[in-house]
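# Secondary and tertiary structure notes
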Amino acid sequence: MIDVINLKKSFGDVEVLKGIDITINKGDIVAIIGPSGSGKSTFLRCLNCMEDPTSGQIIFNGVDIADMKVDINIHRRHMGMVFQHFNLFNNKTVIENIMLAPVYTRCQDLKKAKRKKLFGKGGADASLAGLTKEQIKKEEKEKAIALLKRIGLEDKADVYPSTLSGGQKQRIAIVRALAMDPDVILFDEPTSALDPEMVGEVLELMKQLASEGMTMVVVTHEMGFAKEVASRVVFIDEGVIKEEAAPKEFFENPKDARLKEFLSKVL
Ligand code: ADP
Ligand code: MG
């Protein structure tokens, strides 16, 4: 699904990613661990082009999205992102948070399809052009309610995020990502900002997604999650992948000296 080839990223003179190569297949759960400042967040942000890579390729579903000529918005919508600090829109209700991106992108598509139809360029999606904005909103609202039901928070649809606990906010952020039907979800330390008693409910939801076959890339300090849920664990240190292995091998038989040192501190 994603092929990262010799990905480099510098900020000014500082090279933060020094050549990352990794392949992420459909259904993979890739846990990324590593010391603070090693480039984990930068890597995730490059994956969905929130940061422009300095060089290298990111082949996503066959297209090099690191190529400046590619319209990244078309591809980015297939990648969900979940952040440490939730990044919900605080001036929007819970259900508005969930509906916003899918309604916006589908209405944009609708405009394009209508335009194509009007100007008879062919290839227009007639079924899409037959829809109305109101129908799209109605459909997305139903979907959002179903997602809220799934996490037992349907009674929170019309409240603002500030009234929610951290665990509730993060579970909403996760279903907000799901509302776009993404091919892959990128998680950047999704439990690091939570009070300890709320970590479990978020990890539980992530485990459910994993068992349903969602492709996930998870930067995490939760070694338990990496051990139990990940299909592969990756150690990033000083901007390079120092080790990559199945969890059992990774934790029981680490080879890289820096990884051994890191594990001795966190386990
Ligand atoms: P991690 O997520 O592993 O803790 P980051 O990817 O956030 O690490 O950061 C890696 C390095 O890149 C750090 O030294 C950080 O200061 C630097 N960095 C990250 N983002 C920027 C930025 N926008 N501008 C300048 N330096 C940055
Ligand atoms: Mg980080």
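All chains use their own residue numbering, which begins from 1 and follows the written sequence. Chain A is the first chain written and ligand 1 is the first ligand written, with later ones labelled in order. Thresholds applied to this predicted model are a pLDDT of at least 70 for local features of residues and 80 or more for the giving and counting of side-chain atom pairs; totals over whole chains, interfaces and linings are not thresholded and use all residues. Based on all heavy atoms of the structure, the side-chain values leave hydrogens and waters out of the count.

## So, the overall build of the chain
What counts, and what does not: Here a helix means four or more residues in a row that DSSP labels H or I, a strand means two or more in a row labelled E, and each is numbered from the N terminus. With C-alpha atoms as the basis for the radius of gyration, the globule rule is written as 2.2 Å multiplied by the number of residues raised to the power 0.38. Buried residues are those whose accessible area, probed at 1.4 Å on protein chains only, stays under 20% of the maximum for their type, while exposed residues exceed 50% and partly exposed ones sit between those limits. By definition, residues are in contact when any of their heavy atoms lie within 4.5 Å. Calculation of accessible area relied on Shrake-Rupley with a 1.4 Å probe; when residues are assessed, cover is drawn exclusively from the protein chains displayed.
Assigned secondary structure in the chain consists of 10 helices and 10 strands. Relative to the compact-globule value of 18 Å for 267 residues, the chain shows a C-alpha radius of gyration of 20 Å, a close match. Seen through its principal axes, the chain has C-alpha atoms that stretch 60 × 45 × 35 Å. Here the chain holds 267 residues, and the buried ones make up 48% of them. Put simply, of all contacts in the chain between residues at least 6 apart along the chain, 66% involve residues at least 24 apart. Of the accessible surface of the chain, which amounts to about 13000 Å², a share of 50% is contributed by carbon and sulfur atoms.

## Here's the deal with the packing of aromatic side chains
Ring pairs (aromatic) are described by centroid distance and by the angle formed between their planes. Let me state the cut-off plainly: A pair of aromatic rings is counted whenever rings of Phe, Tyr or Trp (Trp by its six-membered ring) have centres within 6.5 Å, and the orientation is called stacked for planes under 30 degrees apart, edge-to-face for over 60 and tilted otherwise. The rule is short: NZ of Lys or CZ of Arg within 6 Å of the ring centre and within 35 degrees of the ring normal puts a charge over the ring.
Tallied over the entire structure, the rule returns two aromatic pairs. Each ring, one from Phe235 and one from Phe262, has its centre 5.4 Å from the other, and the planes form 45°; the classification is tilted. Highlighted residues: Phe235 in strand β9 (residues 232-237) and Phe262 in helix α10 (residues 257-266), separated in sequence by 27 residues. Comparing Phe235 with Phe262 shows no difference in burial state: the two are buried. Between the aromatic rings of Phe250 and Phe251, the centroid separation amounts to 5.1 Å while the plane-to-plane angle is 70°, which identifies the pairing as edge-to-face. With respect to burial, Phe250 and Phe251 carry one shared label: buried. Taking NZ or CZ as reference, Lys227 lies 5.4 Å from the ring centre of Phe251, over its face.

## Points about the pairing of strand β2 (residues 14-24)
A regular strand places its side chains so that they alternate between the two faces of the sheet. Our working definition: Note on pairing: DSSP must find at least two bridges between two strands before they are called paired.
Pairing of strand β1 (residues 2-11) with β2, which is carried by eight bridges, proceeds in the antiparallel orientation. Bridge pairing links Asp3 to Thr23 in β2. Once β1 ends, the chain turns through two residues before running back antiparallel as β2, passing Gly12 with a positive phi of about 60°.

## So, the site of ligand 1
Which entries qualify depends on this criterion: When at least one non-hydrogen atom of a residue lies within 4 Å of a molecule or strand, that residue is treated as near it. Identification of polar contacts relies on pairs of N or O atoms within 3.5 Å, with a donor-acceptor requirement for protein atoms, meaning one able to donate a hydrogen and the other able to accept it, and with residues adjacent in sequence counted only if both atoms are side-chain atoms.
Around ligand 1, a shell composed of Phe11, Val16, Pro35, Ser36, Gly37, Ser38, Gly39, Lys40, Ser41 and Thr42 is seen. Thr42 is positioned such that a nitrogen or oxygen atom in its side chain is 2.5 Å from an oxygen atom of ligand 1. Computed on the free molecule, ligand 1 has an accessible area of 560 Å², of which 54% lies beneath the protein chains in the complex. Top element by residues in the shell around ligand 1 is helix α1 (residues 40-47). It accounts for three residues.

## Describing the pairing of strand β10 (residues 240-245)
Pairing between β9 and β10: five bridges, direction antiparallel. Following the sheet pairing, Phe235 is matched in β10 by Glu243. Between β9 and β10, which pair antiparallel and follow one another directly, the connecting turn spans two residues, one of which, Glu238, has a positive phi of 50°.

## Remarks on helix α7 (residues 196-211)
This is how the line gets drawn: To estimate the expected span of a helix, count its residues, drop one, and scale the result by 1.5 Å. Relevant arc is that of directions from the helix axis to the C-beta atoms, nothing else.
Counted at 1.5 Å a residue, the expected span for α7 with its 16 residues is 22 Å, and the 24 Å between its end C-alpha atoms agrees. Residues of α7 that are buried include every one of Met198, Val199, Val202, Leu203, Leu205, Met206, Leu209 and Ala210, and no others. The arc that holds the buried residues of α7, viewed along the axis, is 160°, so those residues lie on one side. Turned more than 90 degrees away from the buried face of α7, the exposed residues are Glu197 and Ser211. Structurally, α7 contributes buried residues whose contacts are with β3 (29-33), α5 (133-150), α6 (166-178), β7 (184-188), β8 (215-219) and α8 (223-229).

## Observations concerning the nonpolar core
Put simply, the rule is: What makes a nonpolar core is a set of buried Ala, Val, Leu, Ile, Met, Phe, Trp, Tyr and Cys residues whose side-chain atoms join them at distances within 4.5 Å.
Within the largest apolar cluster, 43 residues are counted, with the highest numbers of intra-cluster contacts made by Ile98, Phe187, Met206 and Met216. Of all elements in the fold, only α3 (94-118), α5, α6, β7, α7, β8 and α8 reach the threshold of two or more residues within this core. When residues of this core are assigned to their parent elements, the largest contribution, eight residues, is made by α7. Among residues more than four places away in sequence, those in contact with Met206 are Ile174, Phe187, Pro190, Met216, Val218 and Phe225.

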